[in-house]
Amino acid sequence: MVSRWSFTKISTFFFSLIAAGIMVAMLVLLIVQSIPVWKHEGWGFLTGTKWFMRTHEFGAAPMILGTVLVSFTALLLAGPVGIGAAIFTSEFLPSRLRLTVKIIIELLAGVPAVVYGLLGILFLRNWIYDLLTPFDPLSGDTLLTGAVLLAVMILPTVMTLADDALRSVPSAQRTAARGLGLNPTEVVLHVSLPQSARGLLAALLLGLGRALGEAIAVFLVVGRQDNQWPEKLLSINPLIESGQTITTKLASSETNIAYGDPIHWGAICGLALILMLMVAGITLASASLQFFSRNRHAS
Amino acid sequence: MKMHILALLALAGLPLLTAHAETLKINGSTTVNLPAAEASEILRSEKKMDIQIDTQGGSAGGISMLGEGLVQIGMISKHVSDDDRAKFPKVTFKEIQVGEDAVALIVSKDVWDGGVKSITKQQAADIYEGKIKNWKDLGGPDKRIAFFNKEPGRGTWEVFVHWVYGSPKKAPQVSFPEVGGNEETRNKVASTKGALSQLSSSWADGKTVFALSIKTADGKEISPANENIANRTYPLSRPLFLLTNGEPTGDTKTFVDFMLTERGQDLVKKHGYMKLSDLK
């Protein structure tokens, strides 16, 4: 006899509780560990533009800006390519070929980040350095270099999720549209894309979430310069200069020095907390979009 | 039932425990890593020792990971500071010198070919403080100086600021792009025009990156050549240490002793550093 509370049910309940517990514990840990820096800097920790660890001055604004600039530029570059590729694979390729192309693109996601970073140092930074010559950059280590590298890295995420979103539009709708006399391009523009809009947006957001959290590849090419709050925010200048993102700061050797100094360590944990909240926000937004889009097709 | 689970847990834990007891973990400076990694290779094959060697976080990483008890040997290319000792009061840091190295100020090919071959301490300070921004002020090409500063905590960086300012604590707050390990530094300087950085002198190959001589007050130019490091006329030299917690014992002692033998010292020399017997 199978009882209402079967062993499977209890154990899965138990393990999902553990998973959720780990998440909460991490948040609590980061909040508690970062208390000293909030006491020391107040809201200045978020708005300050100076980070001098030796004089205990901790302002995270340039790193938050760097993170936002790098991730959104990456998304701007990867988004059109990813969705374009997804339209091609899902709408125009026969299913067997579609899977082959999809697997090849997904293989890109399996390349370790540090390999991307090394390729970035070897080729990308020199290429961008030459490309930017008219703007007289100081070196090839720029936020833009990090963004281009990230764009390649998040491409598989965006492409494969966009492909899934497009495939979830029932083919009966496409057939009906064709029956009404629309050509294949019009079917994509007026049926597939609007129907899967939420799913596509979710794919972009998950790509953005991945870009926000990536560390090592960006670390190697971003320049790692503190206190880079640009003089002119709305220009190309911030992008073609070196800078820091939250992840490159967390990956740097400064974490080794910070340990044992409560305020400095608090600042590092504070950065981790900000990053975690940013990624959590993006992931929640994307998950809710996916949830609602699934509901609509079900009805 | 309970006994079974306990036995299972004990069995699962056993390999972890034994592995921990046998693995000699080493971490720290990328400079010391070169001879130490080769020594590990020899000890692995000849004495069947299980050694795990890493360069996470440079010298600072070596010190803090030894302080935390995560490794048995730290590799450092600077002295342990009083701050470090205060941070880990329970640990008795023991520095064992295995060689000596010099820090060179290196420049990219265009700067070297443009005629900049030496630098004074004052010029180095002015570049660091942002007062000199162009190579033409040093008699070189009209090109902005792209200064790659070593990450804080790196031995190389500390030798540099120690030379310029007397102590890392007196160094001004600056904002420059940062570089980490030696390979990264050499690569980035080689591929950037007008570049300058601090680098372990044995890594300055004279093909892609070039070591500047130091111009003293009386106009002498001293290059980071081995004889100048040995007789201590070149000012930016530094000791290379293996760092242990107290007197080394067991595998740790085996490793340290090997580095001090003739074979170990030859490895130090092979990678361009000075061995102990060459130092006066």
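Here is what the cut-offs are and how they apply
Residues numbered from 1 in each chain as written. Chains lettered and ligands numbered in written order. Predicted model: local features only at pLDDT ≥ 70, side-chain atom pairs only at ≥ 80, totals over all residues. Heavy atoms only, no water. Helix = DSSP H or I, 4+ residues; strand = E, 2+ residues; numbered from the N terminus. Buried < 20%, exposed > 50% of the residue type's maximum accessible area, 1.4 Å probe, protein only. Contact = heavy atoms within 4.5 Å. Lys, Arg positive; Asp, Glu negative; His and termini not counted. Charge placed at Lys NZ, Arg CZ, Asp CG, Glu CD. Buried area = accessible area lost by both parts, 1.4 Å probe. Salt bridge = Lys/Arg side-chain N within 4 Å of Asp/Glu carboxyl O. Polar contact = N/O pair within 3.5 Å; in protein donor to acceptor, adjacent residues only side chain to side chain. pLDDT = per-residue confidence, 0-100. Core = buried A, V, L, I, M, F, W, Y, C linked by side-chain atoms within 4.5 Å. Expected span 1.5 Å × (residues − 1). Arc of directions from axis to C-beta. Bend = angle between axes of the 7 residues up to and from the residue. Phe/Tyr/Trp six-rings, centres within 6.5 Å; stacked < 30°, edge-to-face > 60°. Lys NZ or Arg CZ within 6 Å of the ring centre and 35° of its normal.

A. Main features of the overall build of chain B. Across its full length, chain B holds 11 helices and 12 strands. A principal-axis box enclosing the C-alpha atoms of chain B has dimensions of 80 × 40 × 35 Å. The buried share of chain B, taken over its 280 residues, is 52%. Of the contacts formed within chain B by residues at least 6 apart in sequence, a portion of 72% connects residues at least 24 apart. Separation between the mean location of the 36 positive side-chain charges and that of the 34 negative ones in chain B comes to 2 Å.

B. Focus on the interface of chain B and chain A. If you look at the interface, chain B gives 31 residues, while chain A gives 29 residues. Note on chain B versus chain A: buried area summed over both sides is about 2500 Å², and carbon and sulfur give 45% of it. Salt-bridge contacts for Lys188(B) lead to Asp141(A); the nearest nitrogen and oxygen are separated by 3.3 Å. Where chain B touches chain A, the interface holds 16 residue pairs in polar contact (both at pLDDT 80 or more). Counting only elements with at least two residues in the side of chain B that touches chain A, the list comes to α3 (58-67), β6 (146-150), β7 (178-179) and α8 (182-190) of chain B.

C. View of the confidence of the model for chain B. Of the residues in chain B, 92% have a pLDDT of 70 or more, and the chain-wide mean is 88. In the predicted complex, the global pTM is 0.82; the interface-specific ipTM is 0.83.

D. Representation of the nonpolar core in the model. Phe160(B), Leu196(B), Leu242(B) and Phe255(B) are the most contacted members of the largest nonpolar core, which totals 68 residues. In terms of residues, this core owes the most to one element, strand β4 (residues 93-108) of chain B, which gives 8 residues. If near-sequence neighbours (up to four positions away) are discounted, Phe160(B) is found in contact with Leu105(B), Ala124(B), Tyr128(B), Gln198(B) and Leu236(B). Core analysis: the second largest hydrophobic core is formed by 45 residues, Ala74(A), Tyr116(A), Ala151(A) and Ala202(A) among them.

E. Region of interest: helix α4 (residues 95-110) of chain A. Residues and elements named next belong to chain A. Counted at 1.5 Å a residue, the expected span for α4 with its 16 residues is 22 Å, and the 23 Å between its end C-alpha atoms agrees. Within α4 the residues assigned to the buried category are Arg98, Lys102 and Ile105. Axial view of α4: buried residues confined to an arc of 70 degrees, hence all on one face. Looking at α4, the residues exposed on the side facing more than 90 degrees away from the buried face are Arg96, Ile104, Leu107 and Gly110.

F. Just the environment of Ile26(B), in detail. Residue and element names in this part refer to chain B. Mapped onto the fold, Ile26 is located in strand β1 (residues 23-28). Residues Ile26 and Thr252, 226 residues apart in the sequence, show an inter-C-alpha distance of 9.4 Å. When near neighbours in sequence (up to four residues on either side) are disregarded, Ile26 contacts Ser40, Ile51, Gln52, Ile53, Asp54, Val71, Ile73, Met75 and Phe255.

G. Inspection of the pattern of salt bridges at higher detail. Per the counting criterion, the structure on display carries 29 salt bridges over all chains. Here Glu151(B) and Arg154(B) are joined by a salt bridge, their closest N and O atoms 3.1 Å apart. Both residues of the pair, Glu151(B) and Arg154(B), belong to the buried class. A single salt-bridge network, built from bridges that share partners, covers Arg125(A), Asp141(A), Arg224(A), Glu151(B), Arg154(B), Glu184(B) and Lys188(B).

H. Inspection of helix α6 (residues 143-167) of chain A at higher detail. Residue and element names in this part refer to chain A. With 25 residues, α6 should reach 36 Å at 1.5 Å per residue; the first-to-last C-alpha distance of 35 Å fits that figure. Within α6, the axis deviates most sharply at Ile154, by approximately 40 degrees, and proline Pro156 lies no more than four positions further along. Most of α6 sits out of view: 21 of its 25 residues are buried.

I. Inspection of the packing of aromatic side chains at higher detail. Tallying each qualifying case throughout the model produces 12 aromatic pairs over all chains. Taken together, a centroid distance of 6.2 Å and an interplanar angle of 70 degrees make the contact between Trp38(A) and Trp43(A) edge-to-face. Summarising the aromatic geometry, the rings of Phe88(B) and Phe93(B) are spaced 6.3 Å apart at their centres and angled 80 degrees between planes, so their arrangement reads as edge-to-face. This pair shows no difference in class: Phe88(B) is buried, exactly as Phe93(B) is. One aromatic cluster in this structure is built from Tyr128(B), Phe147(B), Phe160(B), Tyr165(B) and Phe176(B). Cation over ring: Arg224(A) sits above Phe219(A), and NZ or CZ is 3.9 Å from the ring centre.

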